[in-house]
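This is what each chain is made of:
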Amino acid sequence: MDFIQGALKSIHLKDNVLRLTLTLSKINQACYLLFDHFLWFHNVGAVTLDKQFWSEVSSRFYLTTLILNLIRDFYEIYSTVTRELAIRHKRNSSSEYKNGDANHRTVSRHQATVLELLDQNKPLLIDTVKNLFDLAIPLSTLKMLSLSPQKQGLYGIISSSLAAITVWDTKLKLVPA
């Protein structure tokens, strides 16, 4: 129910990309959890169903959720970098001193900017890394990626640890969520 309420809240965001990705992500996550609960009921013997089929359905919703979350993360990174580069460009163009060879290291400066901004925006960095590690789990379940159970467990531990950090310190939670 929390995810449906979250979807209803995210519908009112002004940014179109955030509104679309967050709303669809919340709806997909609600569907994933619904089907995951069906699987749990099957595992405890409360219902009988085709476990393989419902596991794949659940994993597809989870995969879609993660893809939408990563689209949002990369959009946030792009928007942040674009804003910062515009600010720096405006600052540099207003300077009276001009170096004729000012753009000789543009690529490395842009890369440094991305790394600096991710370091300054820890919630975005944590969410992106968490989603990337989570992505391997449904891909493995759907047989789109071959991972050993040990690697799946390790990725799950890393992802869960990053999620726990955001619960522990709410300043590290990406907003809007």
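Residues numbered from 1 in each chain as written. Predicted model: local features only at pLDDT ≥ 70, side-chain atom pairs only at ≥ 80, totals over all residues. Heavy atoms only, no water.

### Describing the packing of helix α5 (residues 122-141) against helix α6 (residues 149-168)
Stated formally: Note on definitions: angles span 0 to 180 degrees between N-to-C directions of axes, and those axes are lines fitted to C-alpha atoms, for helices only across the stretch in contact. A helix here means a DSSP run of H or I that spans at least four residues, while a strand means a run of E at least two residues long, and both kinds are numbered starting from the N terminus. By convention the crossing between two helices is left-handed if the near helix lies anticlockwise of the far one by an angle smaller than a right angle, and right-handed if it lies clockwise. Contacts are residue-level and defined by heavy atoms, with any inter-residue pair within 4.5 Å sufficient. For this classification, the nonpolar set comprises Ala, Val, Leu, Ile, Met, Phe, Trp, Tyr, Cys and Pro, the charged set comprises Asp, Glu, Lys and Arg, and every other residue, Gly included, is treated as polar.
One can describe the packing of α5 onto α6 by two numbers: an axis separation of 9 Å at closest approach and a directional angle of 145 degrees. Crossing hand, α5 versus α6: left-handed. Residues Ile126, Val129, Lys130, Phe133, Asp134, Ala136, Ile137 and Ser140 of α5 form the contact with α6, whose own contacting residues are Gln152, Tyr155, Gly156, Ile158, Ser159, Leu162, Ala163, Ile165 and Thr166. Of the residues assigned to the contact of α5 with α6, the class counts are 10 nonpolar, five polar and two charged.

### Looking at the nonpolar core
Selection criterion: To form a nonpolar core, buried Ala, Val, Leu, Ile, Met, Phe, Trp, Tyr and Cys residues must be joined to one another through side-chain atoms within 4.5 Å. The buried label applies to any residue whose accessible area, calculated with a 1.4 Å probe on protein chains only, is under 20% of its type's maximum; exposed applies above 50%, and partly exposed to all values in between.
Judged by nonpolar contacts, Tyr32, Tyr62, Leu63, Leu66, Leu70, Leu135, Leu139 and Leu142 together constitute the single largest core of eight residues. Among the secondary structure elements, those contributing two or more residues to this core are α3 (51-93) and α5. Top contributing element to this core by residue count: α3, with four residues. Apart from the residues within four sequence positions on either side, Leu66 is in contact with Asn131, Asp134, Leu135 and Pro138. In this structure, Ile77, Val81, Leu117 and Leu118 belong to the second largest nonpolar core, which totals six residues.

### Topic: unusual backbone geometry
For residues that are not glycine, phi is negative in most cases, and the peptide bond is trans in most cases. In this structure, Pro176 follows Val175 across a cis peptide bond, with omega equal to 0 degrees. Here the phi dihedral of Lys143 falls at roughly 60 degrees; this positive angle occurs in a residue that is not glycine. Mapping Lys143 onto the fold places it in the loop between α5 and α6. In this structure Lys143 comes out as exposed when scored by relative accessible area, which is 67%.

### Notes on the pattern of salt bridges
Our working definition: We define a salt bridge as a contact between a side-chain nitrogen of Lys or Arg and a carboxyl oxygen of Asp or Glu at a distance within 4 Å.
Counted by the stated rule, this structure contains three salt bridges. In this structure, the salt-bridge partner of Glu76 is Arg72, at a minimum N-O distance of 3.6 Å. In this pair, Glu76 and Arg72 both sit in helix α3, four residues apart, roughly one turn of the helix. Each member of the pair, Glu76 as well as Arg72, is classed as buried.

### Let's talk about the environment of Asp50
Tracing the sequence through the fold places Asp50 in the loop between α2 (16-43) and α3. According to the relative accessible area criterion, Asp50 is partly exposed, its value standing at 47%. Separated by 11 residues in sequence, Asp50 and Leu39 have C-alpha atoms that sit 9.0 Å apart.

### So, α5
Owing to its 3.6 residues per turn, the α-helix brings residues three or four apart onto one side. Formally: Expected span, for any helix, means 1.5 Å times one less than how many residues it has.
Taking 1.5 Å per residue as the helical rise, α5 with its 20 residues ought to reach 28 Å, and the 30 Å between its terminal C-alpha atoms agrees with that figure. After α5 finishes, the residue Lys143 shows a positive phi value of roughly 60 degrees.

### Focus: a nonpolar patch on the surface
Quick reminder of the rule: Patches here: salt-bridge-free residues with over 30% relative accessible area, like charges joined within 9 Å, nonpolar side chains (Val, Leu, Ile, Met, Phe, Trp, Tyr) joined within 5 Å. All accessible areas in this document rest on Shrake-Rupley with a 1.4 Å probe, and a residue is counted as covered only by the protein chains that are shown.
A surface patch of nonpolar side chains, amounting to about 540 Å² of accessible area, comprises Leu34, Phe38, Trp40, Phe41, Val44 and Val47. With respect to the helices, strands and loops of the structure, Trp40 is situated in helix α2. Trp40 gets classed as partly exposed once you look at its relative accessible area, which sits at 49%.

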